[in-house]
Every structure is written in C-alpha cells, then in structure tokens.
Amino acid sequence: MKISPVQLFPGYTFESGEIRIPIATLSGLTAAEANATTGNAMEIFRQLVEHLQNQVTSLAPTARPTKATITKQNLSIASGVNVTPGTLRQAYTLTFDLQPTALELAAEPNL
C-alpha cells in the first residue's frame, strides 16, 4: 500500500526543497548525535532505519507497502577483525521493487 511520509514520520514537513523530520520522531537519537558538524551520521542512519522498521511493522498487514519492505533480523554476536568481544550486531533487510525504465520505486496500490 502507498503510505504518506507523515504516516511514518510524525511532524514531517517539506518546504523550500527541504524535508524535515523532528528529532523527537527518532526516539533514540540525541541532539549531540544529530549535530550537523560534530554528530554521528551513522547513528542518524541507524535511527532512521530502526524507526522505519518499527513504523511499517506497526501498520496493519494489509496496509503495509509491498513494493518496498524492511525486515529486522534477530540480534547476533558480532565477529570479525577489530570487533570488541561481546559486541552485538543488528541487521536489517530493505528491498525495493524498481521500474526498469527509470529505476524508480514501483507503484503501490492506493488504499
């Protein structure tokens, strides 16, 4: 199903070519992490993905998009070079069905 930005991001606005999402919408993000010069872009990204997954999952199954999906895997123990022992890893899978002519998101049916 096609859903609007305000359904996923309360307080979302689009003005003068800028999209705005209030920091309060991303409950795990602090002002320090969101700071334009000293913040942590990857934490902003993580919080966006986590928020999107929570919002989409909270929709009734028949109201969820089918051409763009997001799933969250179970936490796992991270491993690899330079990984601190005991570090947890959270993985998400995002899929997008694209129109082959313009590589734009395939149209969702309207409610």
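Coordinates for the structure precede this section.
The sections below set out a description of the structure shown in this document. From a predicted model like this one, the values you see are computed outputs, not experimental measurements.

## Some remarks on the nonpolar core
Item 1. Membership of the largest hydrophobic core is limited to nine residues, which are I3, L8, F9, V49, V56, L59, A63, I70 and Y92.
Item 2. The residues touching Y92, leaving out its near neighbours within four places in the chain, are V49, E50, Q53, T71, K72 and Q73.

## A closer look at a nonpolar patch on the surface
Item 1. Side chains of L94, F96, L98, L103 and L105 sit close together on the surface and give an oily, nonpolar patch of about 500 Å² of accessible area.
Item 2. Its location among the elements puts L103 in the loop between β7 (98-99) and β8 (104-105).
Item 3. We classify L103 as exposed; its relative accessible area is 61%.

## Some points on the side chain of Q47
Item 1. Inspection of the secondary structure puts Q47 in helix α3 (residues 41-58).
Item 2. Within the structure, Q47 has its side chain in polar contact with the backbone nitrogen of G28 (distance 3.5 Å).
Item 3. A distance of 2.8 Å separates polar atoms of two side chains, one belonging to Q47 and the other to E43.
Item 4. Residues in contact with Q47, not counting those within four places in the same chain, are L26, G28 and L29.

Analysis parameters
Throughout, a residue's number is its position along its own chain's written sequence, starting from 1. Local features in this predicted model are restricted to residues of pLDDT 70 or higher, and side-chain atom pairs are both shown and tallied only at a pLDDT of 80 or more, whereas totals for entire chains, interfaces and linings draw on every residue. Based on all heavy atoms of the structure, the side-chain values leave hydrogens and waters out of the count. Buried residues of nine kinds, namely Ala, Val, Leu, Ile, Met, Phe, Trp, Tyr and Cys, make up a nonpolar core once their side-chain atoms join them within 4.5 Å. Note on classification: 1.4 Å probe, protein chains only; a residue is buried when its accessible area is under 20% of the maximum for its type, exposed when over 50%, partly exposed between these limits. Residue contacts are counted whenever heavy atoms from the two residues lie within 4.5 Å of one another. Patches were defined on residues exceeding 30% relative accessible area and lacking a salt bridge, with like-charge contacts within 9 Å and nonpolar side-chain contacts (Val, Leu, Ile, Met, Phe, Trp, Tyr) within 5 Å. Per-residue and other accessible areas follow the Shrake-Rupley method at a 1.4 Å probe size, with only the shown protein chains counted as cover for residues. Salt-bridge detection follows one rule: a side-chain nitrogen of Lys or Arg within 4 Å of a carboxyl oxygen of Asp or Glu. Only runs of H or I of at least four residues qualify as helices and only runs of E of at least two qualify as strands under DSSP, and these elements are numbered from the N terminus. Polar contact criterion, stated in full: a pair of N or O atoms within 3.5 Å, where within protein one must be able to donate a hydrogen and the other to accept it, and residues adjacent in sequence count only if both atoms are side-chain atoms.

Honestly, that's just the spatial picture; any functional story needs more than this.
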